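Architecture and fold: a report
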Amino acid sequence: MTIKDIPIIQGESVKLPTKYGHFDIIPFQEEQSGIEHMALIKGDLSSQTNTLTRIHSACATGDLFGSLKCDCGDQLIQAMSLIETKGHGLIVYLQQEGRGIGLMNKIKAYKLQEQGMDTIEANVHLGFLPDNRDYQVGANILNALGVNKIELLTNNPDKILGLEKNGIKVVKRVSLIIAPNPFNKHYLSTKETRMGHLINDKEIIKTGL
Ligand SMILES: Nc1nc2c(ncn2[C@@H]2O[C@H](COP(=O)(O)OP(=O)(O)OP(=O)(O)O)[C@@H](O)[C@H]2O)c(=O)[nH]1
Ligand SMILES: [Zn+2]
């Protein structure tokens, strides 16, 4: 399979010490749309064969504000911590807010969920697919970094298919299980029962809630 062309510009690499580990950060920009993504890198990617990788879609509410309505923020921290512990790996942070429908529409979808719809019904009601993402640009970023075989940190089988469709070999899936809370319990069970997410693993990593 070949990777389709979404031309991207790769920025400078600088060091980014964080609470969860010390990384290098590289920004990427889609040439045509100007949309910006980023990669957090631990260790020397060229010396790794099956790079431990998290492809994370932006969730401003969860990643920035610690929203309890989803599991995104905790998954990101868990991924950073696992990569730090392992000593090498990669996080690609994609600007795909709201499973690709953008913040304005995600909040509209949240409104519909307050009125009783689930996360899929809300997207469809707004005229979108349940999941509006594709992983072409994610695969392009991996390609630009010289990474084509990965161990993927995800519970989402569609993410694996989406990357493989774009030329990335996913040699192993590594779960990111977050203990549910009263606010995301229904969302997580919808992801499991209606979106095929593999989140019924035995080992639950506590989030402190
Ligand atoms: N449309 C919509 N998007 C949501 C909702 N809740 C969270 N999101 C978005 O869902 C996406 C979740 O991204 P990820 O954590 O990378 O992916 P995932 O599909 O949950 O799969 P994992 O790799 O297992 O985490 C983010 O873009 C969030 O903004 C919702 O109720 N509606
Ligand atoms: Zn979220």
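What you see is a predicted model, and the numbers here were worked out from it, not measured in a lab.

Relative to the elements of secondary structure, Lys 185 occurs in helix 8 (residues 185-194). C-alpha separation for the pair Lys 185 and Asp 71, spaced 114 residues apart in sequence, amounts to 9.7 Å.

On to the site of ligand 1, then. As a structural note, the neighbourhood of ligand 1 is formed by 22 residues, with Ser 57, Cys 59, Thr 154, Asn 155 and Asn 156 the closest of them. Elements that contribute at least two residues to the shell around ligand 1 include exactly strand 5 (51-57), helix 2 (72-86), helix 3 (97-100), helix 4 (102-114) and helix 5 (119-125). Looking at the shell around ligand 1 residue by residue, the classes come out as seven nonpolar, 11 polar and four charged.

With that settled, the discussion passes to the confidence of the model for the protein chain. Of the residues in the protein chain, 93% have a pLDDT of 70 or more, and the chain-wide mean is 92. This model gives residues 202-209 a pLDDT under 50, and the stretch forms 13 contacts once residues within four places in sequence are excluded. In the predicted complex, the global pTM is 0.93; the interface-specific ipTM is 0.96.

Now for the environment of Arg 194. In this fold, Arg 194 is placed in helix 8. Linking Arg 194 and Asp 118, residues 76 residues apart in sequence, is a C-alpha distance of 9.9 Å.

Relative to strand 3 (residues 21-30), strand 1 (residues 8-10) is paired through three bridges, and the arrangement is antiparallel. By the bridge assignment for strand 3, Ile 8 is matched with Glu 30. Bridging between strand 2 (residues 14-18) and strand 3 involves five bridges; their strand directions are antiparallel. Paired with Thr 18 across the strands is Gly 21, a residue of strand 3. Hairpin connection from strand 2 to strand 3: two residues lie between these consecutive antiparallel strands. As paired elements, strand 3 and strand 4 (residues 36-42) share six bridges and run antiparallel to each other. The partner of Gln 29 across the bridge, within strand 4, is Glu 36. What sits between strand 3 and strand 4 in their antiparallel hairpin is a turn of five residues, with Gly 34 showing a positive phi close to 80°.

Conventions and cut-offs
Throughout this document, residue positions are counted from 1 along each chain, in the order its sequence is written. Naming scheme: in the order in which they are written, chains are lettered from A and ligands are numbered from 1. Only residues with pLDDT of at least 70 are given local features in this predicted model, and only at 80 or more are side-chain atom pairs given and counted; all residues enter the totals for whole chains, interfaces and linings. Strands are runs of DSSP state E lasting at least 2 residues, helices are runs of H or I lasting at least 4, and numbering of each runs from the N terminus. Here, nearness means that the C-beta atom of a residue, built from backbone geometry, sits within 6 Å of the molecule or strand in question. Each residue gets one label: Ala, Val, Leu, Ile, Met, Phe, Trp, Tyr, Cys and Pro are nonpolar, Asp, Glu, Lys and Arg are charged, and the others, such as Gly, are polar. One number per residue, pLDDT, summarises how confident the predictor is, and it ranges from 0 to 100. By the convention adopted here, residues are in contact when the distance between their C-beta atoms, placed from the backbone, does not exceed 7 Å. When DSSP finds at least two bridges between two strands, those strands are taken to pair.

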